[in-house]
Every structure is written in structure tokens, then in C-alpha cells.
Amino acid sequence: MENKTTRRASFRKMGMGLAAIFGVGTVNAMGKKPVKAKKEVVGDIVMDQEIPLFSGGVKHGNTLYIAGKGAHVEPFEIKAHTEIVLQELQKELEKHGSSMEKVLKVNVYLADLGDYKGMNEVFRGRFGKNPPVRTTVATYGGVPGDSLVEMDCIASLD
């Protein structure tokens, strides 16, 4: 009988630990019910035949998601395109209450993997002393439009 009580208490403790990790049952300092984060579209909504296709930016709680930014201009040179894309990301982040230093994750899409080194030369140091995690891929068929690179990101708002 003693083992069952101990086992039950252990399971209860594990369950409470998991609840704490996942934020289940948490309350704010005033003792009120938890406030649930809601999705808030903060960027332009791209339409496709009068139907919403995707949002340019979305806030959810203390997290900001910025849709892919490209550089659809000449010259068609990776360093110039990377600079434009990073400037566009920075503008969007600051417009919605974040910054380059608060970026948590960046996805980089290259039209040509041969541009990896040139992209890195411009990318390096743009996110402060603690850079975000990053995934870089070369896209099959290229990046949409005329851009040599496209980037999206996830950032903190706190």
C-alpha cells in the first residue's frame, strides 16, 4: 500500500512539473485567471484572388513572426541583396516593438548555394553579440521574384 501512495505522489509531482513547464494553470501576480495570448496580424495581408494568402507579420504573446523579405532590385549581387533584406527585417522588427538583438531564429533562403559566403559576410554581426539560431537552404528553382536571398525571422517582444 505504501508503494502505491508513493507512486501516486510521484506521478502527481511529475504532472505538476510538466504543467509548470508548459504553463498550464499559471496565474498572474494579481491572482486572476491566466491571460491567453491571441494572434494579432501586424503586417500587410497578402491577397490571392480576394482570399487572404498570408500575413506579413504576426504577434502572438511576446513573440513576433516576420514573413520572408526579399530584394527584388538590381544589381543582382548577393551582398547588395543581403543588405537590403536585413534592412527590411530591421525596419519591420522595430516597427512592431522588437529589434535585431531580440531575434531568436532566422531562416535564410538562397537562390544559389554558391552565394553562401557572400551572404555570410553581410549577415555576420547584424544581430548583436548573441546571434539567433539560423537555418540556411538553397531553394530548388530559386527564391520567388528576382531576389537572390529571402529571410524570415522570429523575435521576442520583451
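Look a little higher up for the structure.
Residues numbered from 1 in each chain as written. Predicted model: local features only at pLDDT ≥ 70, side-chain atom pairs only at ≥ 80, totals over all residues. Heavy atoms only, no water.

Here we look at the overall build of the protein chain
Phase 1: Per the secondary structure count, the protein chain includes three helices and eight strands.
Phase 2: For the protein chain, the α and β elements follow one another from N to C terminus as α-β-β-β-β-β-α-β-α-β-β.
Phase 3: Across the 158 residues that make up the protein chain, the buried fraction comes to 29%.
Phase 4: Here the analysis covers contacts within the protein chain between residues at least 6 apart in sequence; of these, 68% occur between residues at least 24 apart.
Phase 5: Roughly 10900 Å² of accessible area belongs to the protein chain as shown, and the carbon and sulfur atoms make up 55% of that amount. (Helix = DSSP H or I, 4+ residues; strand = E, 2+ residues; numbered from the N terminus. Buried < 20%, exposed > 50% of the residue type's maximum accessible area, 1.4 Å probe, protein only. Contact = heavy atoms within 4.5 Å. Areas by Shrake-Rupley, 256 points an atom, 1.4 Å probe, with all protein chains shown as cover.)

Comments concerning the nonpolar core
Phase 1: Grouped together as the largest cluster of nonpolar side chains are 24 residues, with contacts concentrated most on L93, V106, V108, M119, F123, V149 and M151.
Phase 2: Broken down by secondary-structure element, the contributors of at least two residues to this core are β5 (63-70), α2 (78-95), β6 (103-110), α3 (116-123) and β8 (149-156).
Phase 3: If we skip the residues at most four places from it in the chain, V149 touches K69, G70, A71, I78, H81, T82, V85, V108, Y109, L110, M119 and V143. (Core = buried A, V, L, I, M, F, W, Y, C linked by side-chain atoms within 4.5 Å.)

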